[in-house]
Amino acid sequence: MKKALTGEAECIAPVGAVLGEGPLWDPRIDRLVFLDIKGERIFRIDPETRELENYAVPGMISAIGLCASGGYVASWRNGFTRLFIEDGAVKQTPIVSVETDLPSNRFNDGKVDPKGGFWAGTMDDDEKEVSGSWWRLAPDGRAQKKDTGFKVTNGPAFDQTRGRMFLTDSAAQTIFTAESDGATFENKRTFLQFGKGDGYPDGMEVDCEGCLWVAFWAGSAVRRFSPDGELLETLPLPVRQPTSVAFAGDRLFITSAKVGLSEERLKEAPLSGGLFMAQLARPLGAETALFRG
């Protein structure tokens, strides 16, 4: 398989996010949208001009997707919601709440699936309990629990060509796969298992060639794996905690976090929490899925 990366990653938005996450290319405005979960901010940036928009969000928004009817679908502290950015502010319309009996849980990573639903995973905010689950918000507004028994949920990513999806328990250093058309979820099994020195697999995306790109928390890198799980390429990063990835044509975007880093670590990696961009040898981004609700 041909090499995909052409050079080093560049920090295009040194925002110092506490927990940068959720990068999403929005072709409607030609902007990369990304989040600071713990900082309760949403950003939009033009990668050409580096013009940056910065908005406060109503609550701990953890993942977003594009809505076919306009605006964004999102996961937040304990449910799903709609977001609109209008007149310089973020407006929110709640859809449905879940896990109201688990006050220490919050939503983490998520993504729109090929069937027009929105997947998001919950986790114990203190990262102590194995209390996380994966939920799917259907276009009709109903939320269904798809799997449970996770400590730190990340992903998902969808491989439409092979009819499967990927999701991660970062704390267990495990990437799982399951048969899925987006709405279904069957035969979950381990796809890749990592160990000491590898870092923790975090956010990820499947490119148009079927390869899986994974950000490695505490691994200072993004790695590209073949459809069979072979390591193909590694993109080193000047930060310890990369969190997620997104494509826009021949560009790769990477979010990162500074949460939990000591002053010494931050001096060594002052761009922690920044948004990075790397040039690709060819366009690898697939068409962005839309939430149909």
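Moving on to the environment of G16. Summarising the element assignment, G16 is placed in the loop between β1 (10-13) and β2 (20-26). G16 sits 227 residues away from T243 along the chain, and the two C-alpha atoms are 13 Å apart. When near neighbours in sequence (up to four residues on either side) are disregarded, G16 contacts K258, S272, G273 and G274.

Let us now look at the pairing of strand β16 (residues 174-179). Burial runs high along β16: 5 of the 6 residues are buried. Bridge count between strand β15 (residues 164-169) and β16: 6 bridges; the pairing is antiparallel. Bridge pairing in β16 links M165 to A178. With antiparallel pairing between neighbouring strands as the criterion, β15 and β16 make up a hairpin whose turn holds 4 residues, including Q173 at a positive phi of roughly 55 degrees.

Tallied over the full model, the rule gives 13 aromatic pairs. Between F80 and F118, the aromatic rings sit 6.0 Å apart at their centres with planes inclined by 85 degrees, giving edge-to-face as the arrangement. Highlighted residues: F80 in strand β8 (residues 79-86) and F118 in strand β11 (residues 118-124), separated in sequence by 38 residues. Residue F80 is classed as buried on the basis of its relative accessible area of 0%. F118 gets classed as buried once you look at its relative accessible area, which sits at 0%. Three or more aromatic residues joined by ring pairs make a cluster, and in this case those are F80, F107 and F118. Positioned above the aromatic ring of F176 is the side chain of K188, whose terminal nitrogen or guanidinium carbon lies 4.7 Å from the ring centre. One cation-aromatic arrangement involves R223 over F216; the distance from NZ or CZ to the ring centre is 4.2 Å.

Remark on secondary structure: sheet strands pair via backbone hydrogen bonds, oriented parallel or antiparallel. In space, the 4 strands of this open sheet follow the order β14-β15-β16-β17, with antiparallel pairing throughout. Only two strands of the sheet have a single neighbouring strand rather than two, namely β14 (153-159) and β17 (186-193). The average angle at which neighbouring strand axes cross in this sheet is 25 degrees, direction not considered.

We now examine the pairing of β8. Buried residues dominate β8, accounting for 6 of its 8 residues. Alignment of strand β7 (residues 72-76) against β8, held across 5 bridges, turns out to be antiparallel. Among the inter-strand pairings, A74 is bridged to a residue of β8, identified as T81. Hairpin connection between β7 and β8: a loop of 2 residues separates the two successive antiparallel strands. Across 8 bridges, the pairing between β8 and strand β9 (residues 89-97) is antiparallel. Counted as the bridge partner of L83 is Q92 from β9. The loop that links β8 with its antiparallel partner β9 comprises 2 residues; one of these, D87, has a positive phi angle of about 55 degrees.

A few words on unusual backbone geometry. The amide bond that connects G155 to the next residue, P156, takes the cis arrangement and shows omega of -5 degrees. Mapped onto the elements of the fold, P156 is located in strand β14. With phi around 55 degrees, D87 is a residue other than glycine that occupies positive phi space. Along the chain, the position of D87 falls in the loop between β8 and β9. The exposure class of D87 is exposed, given its relative accessible area of 78%. One non-glycine residue, E127, lies in positive phi territory at about 55 degrees. Take E127: it is sitting in the loop between β11 and β12 (132-137). Owing to a relative accessible area of 44%, E127 belongs among the partly exposed residues under this scheme.

Looking now at the environment of R292. Mapped onto the fold, R292 is located in the segment after β25 (290-291). Separated by 282 residues in sequence, R292 and E10 have C-alpha atoms that sit 34 Å apart. Apart from the residues lying within four places of it in its own chain, the contact partners of R292 are A68, K115, G116 and P139.

About the criteria used
Residues numbered from 1 in each chain as written. Predicted model: local features only at pLDDT ≥ 70, side-chain atom pairs only at ≥ 80, totals over all residues. Heavy atoms only, no water. Helix = DSSP H or I, 4+ residues; strand = E, 2+ residues; numbered from the N terminus. Contact = heavy atoms within 4.5 Å. Buried < 20%, exposed > 50% of the residue type's maximum accessible area, 1.4 Å probe, protein only. Pairing = 2+ DSSP bridges. Phe/Tyr/Trp six-rings, centres within 6.5 Å; stacked < 30°, edge-to-face > 60°. Lys NZ or Arg CZ within 6 Å of the ring centre and 35° of its normal. Axes fitted to C-alpha atoms, helices over the stretch in contact; angles between N-to-C directions.

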